[in-house]
Amino acid sequence: MKKTLSAALLFSTLFSLSFMSAKKIRVVFFGDSITEAGVKPHGFISIDDSLLNGGGNANYELIGAGIGGNKVYDLYLRLEDDVLSKSPDIVVIWVGVNDVWHKKMGTGTDADKFEKFYLALVRKFKAANIKVIVTTPATIGEKYDYSNEQDGDLNKYANIIRKVAKDQQLGLVDLRAEFEAYEKANNPNNLDKGILTADGVHLNNAGNLFVAKLMAAGIRNVR
């Protein structure tokens, strides 16, 4: 009888452990139209699914939560429905391009408000025990010599995110710095688009692959 009970207990324990090990790490990518496009077949989120779950492993569940035109306060307004309700282990925040880009139309976000909303997002996620990865906005124009019209503002907002990452001890994927380095090495004609983006903002196939590799590395580094 004791042997039967021991065997049953062992089986139950092994079954429970196998179930626990099968639990995937859920990641929500939270952002604007760039993230929205990321779930398409050649998008960076789809590529990340292959990078993170390749080789017979299926350790990650990736969810795209991007909406075109969103700025930081739009993310704040929908964080409950689009992130918290999904109970993710990790959230990747990629926002800031529209906050700068749309200033040309009078609908951007002032830097002080951007920082307040961004920090509020981070605190909400941390309070829910979600690991946070933040990313700097990559580019509004691909010229490498800082002659793109909104380079100054974009650098300012990237610095805000870097500061939040440092102060809040968050994972950082510094797309702004990575794009700048890539453009200097791979854009000899100083083009404003066509290297990593289709239009100076939205990723082309090369850009999606470039971003996917950086995102995958950032996600793997989360502890």
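Each value, and the rule that gives it
Residues numbered from 1 in each chain as written. Predicted model: local features only at pLDDT ≥ 70, side-chain atom pairs only at ≥ 80, totals over all residues. Heavy atoms only, no water. Helix = DSSP H or I, 4+ residues; strand = E, 2+ residues; numbered from the N terminus. Contact = heavy atoms within 4.5 Å. Areas by Shrake-Rupley, 256 points an atom, 1.4 Å probe, with all protein chains shown as cover. Phe/Tyr/Trp six-rings, centres within 6.5 Å; stacked < 30°, edge-to-face > 60°. Buried < 20%, exposed > 50% of the residue type's maximum accessible area, 1.4 Å probe, protein only. Axes fitted to C-alpha atoms, helices over the stretch in contact; angles between N-to-C directions. Parallel < 35°, antiparallel > 145°, perpendicular 65-115°, else oblique. Left-handed = near helix turned anticlockwise from the far one by under 90°. Nonpolar A, V, L, I, M, F, W, Y, C, P; charged D, E, K, R; others polar. Expected span 1.5 Å × (residues − 1). Polar contact = N/O pair within 3.5 Å; in protein donor to acceptor, adjacent residues only side chain to side chain. pLDDT = per-residue confidence, 0-100. Pairing = 2+ DSSP bridges. Salt bridge = Lys/Arg side-chain N within 4 Å of Asp/Glu carboxyl O.

Draft legend 1. Just the overall build of the protein chain, in detail. Across its full length, the protein chain holds 9 helices and 5 strands. From first element to last, N terminus to C terminus, the protein chain shows the α and β order α-β-α-α-β-α-β-α-α-β-α-β-α-α. Overall, the C-alpha framework of the protein chain stretches about 80 × 35 × 25 Å when taken along its three principal axes. Considering only residue pairs separated by 6 or more positions, the protein chain has 76% of its internal contacts joining residues 24 or more positions apart. As presented, the protein chain carries roughly 11,600 Å² of accessible surface, and 55% of it is formed by carbon and sulfur atoms.

Draft legend 2. Spatial organisation of the packing of aromatic side chains. Tallied over the entire structure, the rule returns 9 aromatic pairs. Ring centres of tyrosine 76 and phenylalanine 117 lie 5.9 Å apart, and the angle between their planes is 65°; this geometry places the pair in the edge-to-face category. Of this pair, tyrosine 76 sits in helix H4 (residues 72-82) while phenylalanine 117 sits in helix H6 (residues 111-127), and the two are 41 residues apart along the sequence. Tyrosine 76 gets classed as partly exposed once you look at its relative accessible area, which sits at 29%. Its relative accessible area of 31% is what places phenylalanine 117 among the partly exposed residues. Put simply, the rings of Phe29, Phe44 and Trp94 touch in pairs and so form one group of aromatic residues.

Draft legend 3. Geometry of the packing of H4 against H6. At their nearest, the axes of H4 and H6 sit 9 Å apart, and the two run at 25° to each other. As summarised for this structure, H4 and H6 are arranged roughly parallel, according to the angle between their axes. In this structure, the crossing between H4 and H6 has a hand that is left-handed. Contact residues: H4 offers Val72, Tyr73, Leu75, Tyr76, Leu79 and Glu80, while H6 offers Phe114, Phe117, Tyr118, Ala120, Leu121, Lys124 and Phe125. Classifying every residue of the contact of H4 with H6 gives 11 nonpolar, no polar and 2 charged.

Draft legend 4. Looking closely at helix H9 (residues 205-220). Helix length check: H9, at 16 residues, gives a terminal C-alpha distance of 23 Å against a target of 22 Å (1.5 Å per residue), a fit within 8%. Looking at H9, one finds that the buried residues are Gly207, Asn208, Phe210, Val211, Ala212, Leu214, Met215, Ala216, Gly218 and Ile219. With a side-chain oxygen positioned 3.1 Å from the backbone nitrogen of alanine 206, the residue opening H9 is asparagine 204.

Draft legend 5. Region of interest: the confidence of the model for the protein chain. Model confidence for the protein chain is summarised by a mean pLDDT of 92, while 90% of its residues fall at 70 or above. Confidence drops under a pLDDT of 50 for residues 7-11, and excluding neighbours within four residues, the segment shows 0 contacts in the predicted structure. In this model, residues 13-20 is a region of pLDDT below 50 whose contacts with residues beyond four sequence positions or in other chains number 0 contacts.

Draft legend 6. Spatial organisation of unusual backbone geometry. One non-glycine residue with positive phi stands out, namely asparagine 129, at about 60°. Within the secondary structure, asparagine 129 is located in the loop between H6 and strand S4 (131-135). Of note, glutamine 169 is a non-glycine position whose phi angle comes to about 55°, a positive value. Tracing the chain through its elements places glutamine 169 in the loop between helix H7 (151-168) and strand S5 (171-173). Judged by its relative accessible area of 76%, glutamine 169 falls in the exposed class.

Draft legend 7. Quick peek at the sheet that holds S5. Overall, parallel pairing links the 5 strands, which are arranged S2-S1-S3-S4-S5 in an open sheet. At either end of the open sheet lies a strand with only one pairing partner, and these are strand S2 (60-66) and S5. Across the sheet, the mean angle separating the axes of adjacent strands is 20° when strand polarity is ignored. Of the strand pairs in this sheet, strand S1 (residues 25-31) and S2 are connected by 7 bridges, and their pairing is parallel. Each bridged residue has a counterpart across the sheet, and for phenylalanine 30 the counterpart in S2 is alanine 65. H9 contacts S1, S2, strand S3 (90-94), S4 and S5 of the sheet and is inclined by roughly 140° relative to S3.

Draft legend 8. Spatial organisation of the pattern of salt bridges. Summed over the entire model, instances satisfying the criterion amount to 9 salt bridges. Note that arginine 176 and aspartate 151 form a salt bridge whose closest N and O atoms lie 3.1 Å from each other. Taken together, the positions of arginine 176 in helix H8 (residues 175-186) and aspartate 151 in helix H7 put the pair 25 residues apart, joining distant regions of the chain. For arginine 176, a relative accessible area of 4% translates into the label buried. Ionic pairing is found between glutamate 180 and arginine 176, a salt bridge with its closest N-O pair at 3.4 Å.

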